[in-house]
Structure formats: structure tokens, C-alpha cells
Amino acid sequence: MSVRVRIAPSPTGNLHMGTARTAVFNWLFARRHGGQFLLRIEDTDRERSRQAFTDSILTGLRWLGLDWDEEMVFQSRRNRDHREAIAALLATGQAYRCYATEAELNAMREAQQAARQAPRYDNRHRRLSHEQIAAFQKEGRPAVVRFRIDDTEEILWQDMVRGPMRWRGADLGGDMVIARRAPAHEIGDPLYNLAVVVDDIAMGITHVIRGEDHIANTAKQLLLYNALGAPQPSFAHTPLILNKEGRKLSKRDGVTSIDDFQALGYTAAAIANYMCLLGWSPPVELGERFDLAAAAAVFGFDRVNKAGGRFDWDKLKWLNSQVLHAMDGATLRDALLPRWQAAGLNTDQPPAWQEKLAALLGPSLVVLQDGVEQARPFLGRPEPDDASRVQLQVEGCQTALRHVLRHRPQAFEPSAAKALLTAAARAAGVRKGVVMKGVRAALLGRLHGPDLLLSWELLHGVGEDDRRLRAALQ
RNA sequence: GCCCCCAUCGUCUAGAGGCCUAGGACACCUCCCUUUCACGGAGGCGGCAGGGGUUCGAAUCCCCUUGGGGGUACCA
């Protein structure tokens, strides 16, 4: 059987970490088995759905490298199918109209809670007489459509992550609403569980891979598959991504959308890698650092964990730094350039020079955005910080700088420059460290940064070294 | 409340009854490299939630307790 899986986000927010991770597992599974990975936008909640969110989801998935097969499906355009399915269920008596009012239902739930019972619909309109129905309709009462769920029903499935699962119909909360309230002769807006099943059937989905927060939905949906006479797909309920406090990661946790991570300077490679590591333990041969294609070659739910995993910034940062450190100058320069420009830095230098700068900065970057502050002394004309000012006043520092300026060679040569620093220290009668810190302070305006000689060489390359050295002299 | 799920270092995890004196990664600490900051290298700290069983033998199997999470919509 060929594998067909899907990711079905609702466009009510930007692409979320949790959604992206579910997408990763789906993608991995599809690629592992040479199947299809499909995309369905569940935009039936018109109040909350927005085009901008759909765009965020699409660009985010592409950015991560999660390419989908076939044309994406918009759930809102499949409304007719959903209604037909509801009509069919109505026709076979597996669904019925419930005329209970909201007030009536609320009163019922309050009574249940007062009696310390689980809130549930008591199936009161399941067997209405013709007279009662006629009376409600004469009243003009609208109705929802409910799907019958017998309390005695036993729902069993083999979960690819959790093994054998069992759910009782009695724990599903009574007959479930599958169509919103509407005039009694119509069928209202189809609801989530029904739409999902109808669409998954239509799309030929063979494996439903989603977060464990959907387990109860699975029990309901399995019943719907039977009622609609469709074969049941396999299910895999993946562990959730938890926040620092151990709760399900939500928008309230601050940075949770893929767009946010991208803006901060995390790479798609690191994020994809990290999402794999959260909940799945790769076989040892794969190691911890890998790309999606490598993971896809060995992915399986047998190594997916059951317990939720806490999102760990430190690990993601480490992974990201590893990705950045492995980049060559040209690649890194291309990634940094837009950020330099956005920060208003001067980027008129030749690309080759910028690549050298990127390569110099590379090892100290954790996120791409770090490359902005760190490049500032090279691309701009930074004000020296306090520590630098102090350094330039250190006994003998000025003398040494003057020596350096007086004896500087025309063409920059690292070993010559190094020798010059030694000579300057001797001439000024100070330790070499004083000279090195002094030159650094003069050139960069800071005391910390990448290798001094390489930094110097770069500034020399754009004719900035003399000017800065002179400016540092009183 | 009710239903379901889960439980190994601070975090992510390896572990399928003897290979476990519980392994790895991140974080943290120390040292080396480096007259800066990083990178890199070497080492260290640190854990089977508790209690009962089963077994010659349990991190691994069973039960209970505790703890944590998810779900309980006319949202998706």
C-alpha cells in the first residue's frame, strides 16, 4: 500500500513550532516510504482564518524544506462534500437533528457539574417522536446535527507510537455535533471532526500522524469512518512539545512561530534538525546532527517517544551554531548581507572582502543576527566603548600606537604586522598585551573580537586602519 | 470532577531481564589551545520518582502510590 499522509494546519496563526514538528514527522514518514506528503489548509473557521497566516504556513514549510506533493487542499472549498456526508448519515439514521437550545444545554451541564459528573450531552433528542419533531419545527426551532455514539461502543486501534489503544463510547461526551445550528430543514456548517474524516477519506490518507492532543478526536473519527463505510487509516500520536514549565507549547510562550525563529537568525537546517531530536531518537549511526533527507532514510515511529519533550533553547542554539560554523565564507556572507543592510550598515565593499569578514566572524556566531553586532566595527565607524577609551589611556599605549603608525608597511602582511607589534611594545617599554589591546581598541573600538591580525588586515583592505589608528592618538 | 496518556542526569535521550560500575548530547565546572572574545580539544559534575511484588538476577515485567501532561466545544 502506498503511503499518503498530510499536514492539516488551520490558518489562525503563523506556522507554529508544534505544527511544523508534526509536519516534519509526516514528511519524514512519507519520504521514508516513498509516499505522498499532502497539505490541507483547514480554513473553515472564517472568523479566525486569515490569508496572511496561510502565507506564513506555506513559506515556513518551504523554508524548512518540507515540500508537499500534489496541489494543496482548502477545506473551505470542500463544504459540499461535508454536507453530503452529513446528509448521508442523517438518511441512514446514524445522525439526527437535536433541537436542544443553548440555554437548555447549559442548564444540563451545570446540573452535571453540581453533581460532580462529567459534562456530557445526555442524548435527549436521540429518539424524538414525530410529534415532538413536528412541534419543534412548528416552533421554528433551529437544530444541530448529532452523530450517534453508543455508550457501549468500544473503540480500538493500534497506535503506531502508543501501541494498542482503547476508548469507550461512554467517555466521548454523548452524541457529537457534526453540523452547527441551522434552520431545521437545512444542514449547518460542518464541524471539525466530520470535515477531517471526509477530507482524509477523499484524499486517500493512509496514515494520520498528529499530536497526542488529538487522541480523543481519533476515537470519534474512527466511528465516523465506520459510519461512512470507509476503511480506517493508521494513526500515530506524537508527543507534544512542552514549554519550560512542561505545558503544551502555545502562542503564549513568546517565540513559537517559525517566522520568529527565522527573524532571530536560526537556520532552517538547525530547526529541522532540532525538531527531529525532540521526540524521536535517531539510530546511533545517524548521530545527532543530520539533515531531513538523512533522517528520512531511517525514520520510523518505533523510535518516537511517548512522553512530551521540553523545548530547550540551549540545544537549538548549539545546533544552530554548528550549522553556522560549518558554512563557508560565501554562504555565510549571503546569509548575513540582508541583515547588515537591514541594520543600515555600509555594505559597499567587494563581495570577496565581505566573504572574508563572514569567515572571520563565523566561529563566534550562535544565530545569524549575532553577525550584525559583530560586523558593526568593520562595516561602520563605531564609537569606541568605555573599556577601549580606558585602554587607550594606559601607560605607554599612545607611545606604542605612534610607533605602529610610524613604521606601518604599505602592504599589509600578517607576520610583518606581528613583528611590528612586538617592536612597538619594546619601543614603548610595555608588555605586548598592552599594544595588542591598544591596537584593538583603536581599530575596533572594543576589547573583544576575532583575531587581531586578521581583523587588521580586513580594515586595511578597505583603507580604514590608518584613519582609525590616527583617530586614537591624542 | 471524569477519561486517556506518560515517568532514566537540570534538559533531550540510549537502554527490549544479566553486556549497567546506567551510555551519549546540550547546559554547567576545570584544564589545554589562544597575550582578547569565540571556535576547537581533554576531563569533571550529575539520573533509573517511591513502595511492593515476579525472578537466581529488574532501569527493563506486574501492581499500588506519587508526580506530570493531554482531553473533556455548536474551535481547529
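Residues numbered from 1 in each chain as written. Chains lettered and ligands numbered in written order. Predicted model: local features only at pLDDT ≥ 70, side-chain atom pairs only at ≥ 80, totals over all residues. Heavy atoms only, no water.

Colleague: Describe unusual backbone geometry, and please don't skip the residues or the numbers.
Modeller: For Glu-70, which is not glycine, the phi dihedral falls at a positive 60°. Turning to its location among the elements, Glu-70 is positioned in the loop between α2 (51-64) and β3 (73-74). Even without glycine at this site, Asn-123 takes up a positive phi of about 60°. (Helix = DSSP H or I, 4+ residues; strand = E, 2+ residues; numbered from the N terminus.)

Colleague: Give me the lowdown on the protein's contact with RNA strand B, citing residues and values where you can.
Modeller: The environment of RNA strand B is made up of 58 residues, and the closest members are Arg-181, Arg-247, Glu-288, Lys-432 and His-448. Protein-proximal atoms of RNA strand B, defined as those within 4 Å of the protein, fall in sugar or phosphate at a share of 74%. Taking Arg-303, its side chain carries an N or O atom lying 3.4 Å from a phosphate oxygen of RNA strand B. Taking Arg-310, its main chain carries an N or O atom lying 3.1 Å from a phosphate oxygen of RNA strand B. Listed by contribution, the elements that provide at least two residues to the surface near RNA strand B are α4 (102-114), β7 (163-168), β8 (176-182), α7 (215-227), β12 (309-310), α11 (313-325) and α18 (432-444). For the surface near RNA strand B, the residue count by class is 19 nonpolar, 15 polar and 24 charged. (Near = heavy atom within 4 Å. Polar contact = N/O pair within 3.5 Å; in protein donor to acceptor, adjacent residues only side chain to side chain. Nonpolar A, V, L, I, M, F, W, Y, C, P; charged D, E, K, R; others polar.)

Colleague: Help me get a handle on the confidence of the model for chain A, residues and values and all.
Modeller: Low-pLDDT stretches of the model should not have their predicted coordinates read in fine detail. Here chain A averages 95 in pLDDT, and 100% of its residues register 70 or above. Here the predicted complex scores 0.94 on pTM and 0.95 on ipTM. (pLDDT = per-residue confidence, 0-100.)

Colleague: Tell me about the sheet that holds strand β4 (residues 95-98), and please be specific about residues and values.
Modeller: An order of β4-β5-β8 is seen for the 3 strands of this open sheet, with the pairing classed as antiparallel. In this open sheet, the two strands that pair with only one neighbour each are β4 and β8. Here the average twist between neighbouring strands, direction ignored, is 25°. Along the sheet face, helix α3 (residues 79-91) touches β4, β5 (143-147) and β8 and points at about 95° away from the line of β4. (Pairing = 2+ DSSP bridges. Axes fitted to C-alpha atoms, helices over the stretch in contact; angles between N-to-C directions. Contact = heavy atoms within 4.5 Å.)

Colleague: Run through helix α6 (residues 192-202), naming residues and quoting values.
Modeller: Among the 11 residues that make up α6, 8 are buried, leaving the element largely enclosed by the rest of the structure. Here the buried face of α6 lies against β1 (4-7), β2 (36-41), α3, β8, β9 (207-211) and α7. Just downstream of α6, Gly-204 is the residue with a positive phi angle, here 70°. (Buried < 20%, exposed > 50% of the residue type's maximum accessible area, 1.4 Å probe, protein only.)

Colleague: Would you mind going over the environment of Trp-280 in detail, with residue names and values included?
Modeller: In this fold, Trp-280 is placed in the loop between α9 (268-277) and α10 (292-296). Residues Trp-280 and Val-304, spaced 24 residues apart in sequence, show a C-alpha to C-alpha distance of 4.3 Å.

Colleague: So what's going on with the nonpolar core? Which residues, and what values?
Modeller: Judged by nonpolar contacts, the single largest core of 54 residues is most densely connected at Leu-28, Phe-37, Leu-64, Leu-66, Ile-271 and Trp-280. Of all the elements in the fold, those that place two or more residues in this core are β1, α1 (17-32), β2, α2, α8 (258-264), α9, α10 and α11. The dominant element in this core, judged by the number of residues it contributes, is α1, at 9 residues. Core analysis: the next-biggest nonpolar cluster, separate from the first, contains 47 residues, Trp-340, Ala-400, Val-404 and Val-434 among them. (Core = buried A, V, L, I, M, F, W, Y, C linked by side-chain atoms within 4.5 Å.)

Colleague: Describe the packing of α9 against α11, naming the residues involved and giving the relevant values.
Modeller: When two helices pack together, their arrangement is given by the angle between the helix axes and the distance between those axes. At a closest axis distance of 9 Å, the pairing of α9 and α11 adopts a crossing angle of 135°. Considered as vectors, α9 and α11 are oriented oblique to each other. Of the two elements, α9 crosses α11, and the hand of that crossing is right-handed. Here α9 contributes Ala-269, Ala-270, Ile-271, Asn-273, Tyr-274 and Leu-277 to the contact with α11, which in turn contributes Lys-315, Leu-316, Leu-319, Asn-320 and Val-323. Residue composition of the contact of α9 with α11, by class: 8 nonpolar, 2 polar and 1 charged. (Parallel < 35°, antiparallel > 145°, perpendicular 65-115°, else oblique. Left-handed = near helix turned anticlockwise from the far one by under 90°.)

Colleague: Provide a residue-level description of the pattern of salt bridges, including the pertinent values.
Modeller: A full pass over the atoms with the stated rule returns 34 salt bridges. With a closest N to O distance of 2.7 Å, Arg-40 and Asp-200 form a salt bridge. Of the two residues, Arg-40 sits in strand β2 while Asp-200 sits in helix α6, which places them 160 residues apart along the sequence. Neither Arg-40 nor Asp-200 differs from the other in exposure class; each is buried. (Salt bridge = Lys/Arg side-chain N within 4 Å of Asp/Glu carboxyl O.)

Colleague: So what's going on with the side chain of Arg-468? Which residues, and what values?
Modeller: Secondary-structure assignment places Arg-468 in helix α20 (residues 465-472). Once you skip the residues sitting within four places of it in the chain, Arg-468 turns out to touch Pro-377, Phe-378, Gly-380, Arg-381, Pro-382, Ala-442, Leu-443, Leu-444 and Leu-459.

Colleague: Break down the sheet that holds β1 for me, citing the residues and quoting the values.
Modeller: Reading across from one edge, β1-β2-β3 is the order of the 3 strands in this open sheet, with parallel pairing throughout. Each having just a single partner strand, β1 and β3 make up the two edges of the open sheet. Where α1 meets the sheet, its contacts fall on β1 and β2, and the angle it forms with β1 comes to roughly 165°.

Colleague: For the packing of aromatic side chains, give the residues involved together with the corresponding values.
Modeller: The tally for this structure, following the rule as stated, stands at 13 aromatic pairs. Summarising the aromatic geometry, the rings of Tyr-99 and Phe-136 are spaced 5.2 Å apart at their centres and angled 20° between planes, so their arrangement reads as stacked. With Tyr-99 in the loop between β4 and α4 and Phe-136 in helix α5 (residues 130-139), this pair connects stretches of sequence that are 37 residues apart. A relative accessible area of 3% places Tyr-99 in the buried class. Considering the side-chain rings of Tyr-266 and Trp-313, the 5.9 Å spacing of their centres and the 55° angle between planes classify their relative orientation as tilted. Taken as a pair, Tyr-266 in the loop between α8 and α9 and Trp-313 in helix α11 lie far apart in primary sequence, 47 residues in all. In textbook terms, an aromatic cluster arises when at least three aromatic residues are bridged by ring pairs, as seen for Phe-25, Phe-29, Trp-280, Phe-290, Phe-299 and Phe-301. The ring of Tyr-121 carries the charged tip of Arg-146 above its face, separated from the ring centre by 3.4 Å. (Phe/Tyr/Trp six-rings, centres within 6.5 Å; stacked < 30°, edge-to-face > 60°. Lys NZ or Arg CZ within 6 Å of the ring centre and 35° of its normal.)

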